[in-house]
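Chain by chain, the residues run as shown.
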Amino acid sequence: MSKAPAPVRDVGSTAVAEYLLGSSSAERERLLAQCELLRPASAALLDTIPLPPDADVLDLGCGPLGILDLLSERVGPTGSVTGLDTDRRMIGWARESVTELALGNVEVRQEALPPATAAEARYDLAHCRLLLINTPLPRRILDSMAAAVRPGGWVAVQEFDWATWQCDPPHPAWSRLKDLLAGVFGGDVHIGARLPGLLCEAGLTDIQVTAHAYYWQPGDRYQTLLLSFAHLFRDRLLRHTALTSEELDSLTSTLHDHLGRPHTTVRESLLVQARARKP
Ligand SMILES: C[S@@+](CC[C@H](N)C(=O)[O-])C[C@H]1O[C@@H](n2cnc3c(N)ncnc32)[C@H](O)[C@@H]1O
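Rules used throughout
Residues numbered from 1 in each chain as written. Predicted model: local features only at pLDDT ≥ 70, side-chain atom pairs only at ≥ 80, totals over all residues. Heavy atoms only, no water. Salt bridge = Lys/Arg side-chain N within 4 Å of Asp/Glu carboxyl O. Helix = DSSP H or I, 4+ residues; strand = E, 2+ residues; numbered from the N terminus. Buried < 20%, exposed > 50% of the residue type's maximum accessible area, 1.4 Å probe, protein only. Pairing = 2+ DSSP bridges. Phe/Tyr/Trp six-rings, centres within 6.5 Å; stacked < 30°, edge-to-face > 60°. Lys NZ or Arg CZ within 6 Å of the ring centre and 35° of its normal. pLDDT = per-residue confidence, 0-100. Contact = heavy atoms within 4.5 Å. Core = buried A, V, L, I, M, F, W, Y, C linked by side-chain atoms within 4.5 Å.

Side note on the pattern of salt bridges
Next up, step 1: Going through the model one piece at a time under the given rule, you end up with 13 salt bridges.
Next up, step 2: In this structure, D47 and R74 form a salt bridge, with 2.6 Å as the shortest nitrogen-oxygen distance. Of this pair, D47 sits in helix α1 (residues 25–47) while R74 is found in helix α2 (residues 68–75), placing the two residues 27 residues apart along the sequence.
Next up, step 3: Classification of D47 as exposed rests on a relative accessible area of 56%.
Next up, step 4: By relative accessible area, R74 is classed as partly exposed at 34%.
Next up, step 5: Salt-bridge contacts for E111 lead to R109; the nearest nitrogen and oxygen are separated by 2.8 Å.
Next up, step 6: A relative accessible area of 34% means that E111 is categorised as partly exposed.
Next up, step 7: Through salt bridges with shared partners, a single network forms among E36, R39 and D69.

Focus: the sheet that holds strand β6 (residues 166–168)
Next up, step 1: Overall, antiparallel pairing links the three strands, which are arranged β6-β9-β8 in an open sheet. With partners counted over all chains shown, the strands left at the sheet margins are β6 and β8 (215–216), one partner each.

Focus: the packing of aromatic side chains
Next up, step 1: Going through the model one piece at a time under the given rule, you end up with 10 aromatic pairs.
Next up, step 2: Each ring, one from W162 and one from W165, has its centre 4.9 Å from the other, and the planes form 70°; the classification is edge-to-face. Grouping residues by exposure puts W162 and W165 together as buried.
Next up, step 3: Grouping aromatic residues by their ring pairs yields a cluster made of W162, W165, W174, F185, F229 and F233.
Next up, step 4: Looking at R221, its charged tip hangs above the ring of Y222, at a distance of 5.7 Å from the centre.

Section: the confidence of the model for the protein
Next up, step 1: Per-residue confidence for the protein averages 92 on the pLDDT scale, and 92% of its residues sit at or above 70.
Next up, step 2: Low pLDDT, under 50, characterises residues 1–16; the predicted model gives this stretch 36 contacts beyond four residues in sequence or across chains.

Comments concerning the nonpolar core
In globular proteins that are soluble, nonpolar side chains generally tend to be buried together.
Next up, step 1: Of all hydrophobic cores here, the largest spans 60 residues; its most connected members are L60, M145, L177 and L181.
Next up, step 2: In this structure L181 touches W162, L226, F229, A230, F233 and L237, once residues within four positions along its chain are discounted.
Next up, step 3: In this structure, L65, L68, A94 and V98 belong to the second largest nonpolar core, which totals 24 residues.

What about the environment of E73?
Next up, step 1: Its place among the elements puts E73 in helix α2.
Next up, step 2: Residue classification places E73 among the exposed positions, given a relative accessible area of 65%.
Next up, step 3: Sequence separation between E73 and Q208 is 135 residues; the distance between their C-alpha atoms is 23 Å.

The following block contains the structure:
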């Protein structure tokens, strides 16, 4: 029987949750590669958001880069971009990116957004990408983002929904591992599907949603992302599910062989993008 923790929900804790995937150099490298992958979709999302010439914008949970570079370009020299992240190493890497890319209008700080009740409504746009899926507090974070935006400003969110994450041909090892990982991941792996409702609950209007799908083949780095997560969450899988370490090894080795076959394709999680306006 599964001993996995209950799926994500908003709880009363005021503590800032630890980033579930850690802040190793490997995670930095993975996130920077993901920035490249998601760049066209993120740019398309920003195309749908009209900003004033001197816009003040926020990338919350920016990680080592997030969309700071895209925002910097959008707001130009008269605008300003703030990147916030609660992880010290991530902010150090974000600072390196800002310097390397000479983003003169970007400032990054190791901070969480203040709670909605203490917010100053100053931003023209508050954005986050792949933050809510990694947190047990998605509603609270969206509320604080909505509160940090001035009336008439925008909130934009990009999150994955694991629903579409499948391999073809299907394989029972994939389904088993994915189900077990979803239970121990810590955030809601279907948060992407909930974005329109969550934005509405945060009091926002003019909600517009779109989605992007990606496909992988053997040799693509994301072909084996599920196996990377199994490695990263090995301790949790062994602690919170009925899997023995031998069973986990056998599952990952079977899946590794299947994903490496020439005709196995992986359809990625759906990247859901939603943006909404503060009345
Ligand atoms: C998956 S990473 C995404 C990074 C970046 N947005 C991107 O798309 O590449 C999530 C980031 O959110 C940060 N984070 C987690 N909880 C946070 C919070 N409450 N406030 C600010 N940052 C947070 C983590 O430290 C991590 O750097």
